[in-house]
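# Inside the fold
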Amino acid sequence: MHPLVVRAAKGELPEWSCAGAPRREHMRRVADLMEHWARSLDLDAGEVVRWRAAGYLHDVLRDGDPSELRTMIADEELRDLPDPVLHGPAAADRLEEEGVGDSELILAVAFHTIGHPRLGRLGRALYTADFLEPGRDFPGDPRAELRKRMPHAAEEVVIEVARARIGRTLDAGRSLRRESVAFWNGLVALAGR
Ligand SMILES: [Fe+2]
Ligand SMILES: [Fe+2]
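Residues numbered from 1 in each chain as written. Chains lettered and ligands numbered in written order. Predicted model: local features only at pLDDT ≥ 70, side-chain atom pairs only at ≥ 80, totals over all residues. Heavy atoms only, no water.

## Considerations on the coordination of the iron ion (ligand 1)
Looking at the iron ion (ligand 1), one finds its protein donor set to be Asp59 (OD), His87 (NE2) and His112 (NE2), positioned 2.1 to 2.2 Å from the metal centre. Counting gaps between the donor residues of the iron ion (ligand 1) yields the pattern D-x27-H-x24-H. In this structure, the iron ion (ligand 1) is positioned 3.6 Å from the iron ion (ligand 2), and both are ligated by Asp59. Residue Asp59 is located in the loop between α3 (45-57) and α4 (66-72), and its partner His87 is located in helix α5 (residues 87-97); the two are separated by 28 residues in the primary sequence. (Donors = N, O, S within 2.8 Å, 3.2 Å for Na, K, Ca; no water. Helix = DSSP H or I, 4+ residues; strand = E, 2+ residues; numbered from the N terminus.)

Structural data, given as structure tokens:
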């Protein structure tokens, strides 16, 4: 495992990270949730490290300047993403540049906001944890109930989370990315709907 990933699992972020204190708290809560789920699934120690690292690394560039983040993204199509979601692909490309070769982790970081049809179990868990981490709850929030069903009802819960996340985009009258649509279709197919 790449040393950057091992350090990230301990909450030690690379020196190029761009995430302020409140953001780091969010990252820690996502990492804690990811660890809890990985342990509940009886994953081995190496997997627990990867799941925790994903929690920390997903927002490692969240507070970066969008115009700079855009220049860091190799894939031209992804440079068109709206400012608030550029940090995923930018961080993924930077991690690859650093020599991180874990393609499932890289894809999870890149698409933790908009989803992607090829997200694996780790990537779907990250997409879910980013939304369900307890720091984002408000009183009466259905998130607490969804959290209780994780990780054993992950296939159902991720659909609820995607419904909420994609629903916000629809409510705002914004267009959906083709990755998000394919992600949604893949989730419902996986659940046999
Ligand atoms: Fe994010
Ligand atoms: Fe996040």
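## What to know about the packing of aromatic side chains
Tallying each qualifying case throughout the model produces 1 aromatic pair. For Arg143, the ring lying beneath its charged end belongs to Phe131, and the centroid distance is 4.3 Å. (Phe/Tyr/Trp six-rings, centres within 6.5 Å; stacked < 30°, edge-to-face > 60°. Lys NZ or Arg CZ within 6 Å of the ring centre and 35° of its normal.)

## Quick notes on the packing of α3 against helix α7 (residues 121-132)
A packed helix pair is summarised by two numbers, namely the angle formed by the two axes and the spacing between the axes. The geometry of α3 relative to α7 is characterised by a closest axis approach of 10 Å and an angle of 40 degrees between their N-to-C directions. Taken as axis vectors, α3 and α7 run oblique relative to one another. When the axes of α3 and α7 are compared, the crossing they make is right-handed. Facing α3, whose interface residues are Arg50, Trp51, Ala54 and Gly55, α7 presents Arg121, Leu122, Ala125 and Leu126. (Axes fitted to C-alpha atoms, helices over the stretch in contact; angles between N-to-C directions. Parallel < 35°, antiparallel > 145°, perpendicular 65-115°, else oblique. Left-handed = near helix turned anticlockwise from the far one by under 90°. Contact = heavy atoms within 4.5 Å.)

## A short note on the nonpolar core
In terms of nonpolar packing, the biggest core is built from 56 residues, with Met34, Trp37, Trp51, Leu57 and Leu95 touching the most fellow members. The set of elements that each furnish at least two residues to this core consists of α1 (3-9), α2 (21-40), α3, α5, α6 (103-110), α7, α9 (154-171) and α10 (178-190). Discounting residues that sit within four places of it in the chain, Trp37 has contacts with Trp51, Ala125, Thr128, Ala129, Met150 and Pro151. (Core = buried A, V, L, I, M, F, W, Y, C linked by side-chain atoms within 4.5 Å. Buried < 20%, exposed > 50% of the residue type's maximum accessible area, 1.4 Å probe, protein only.)

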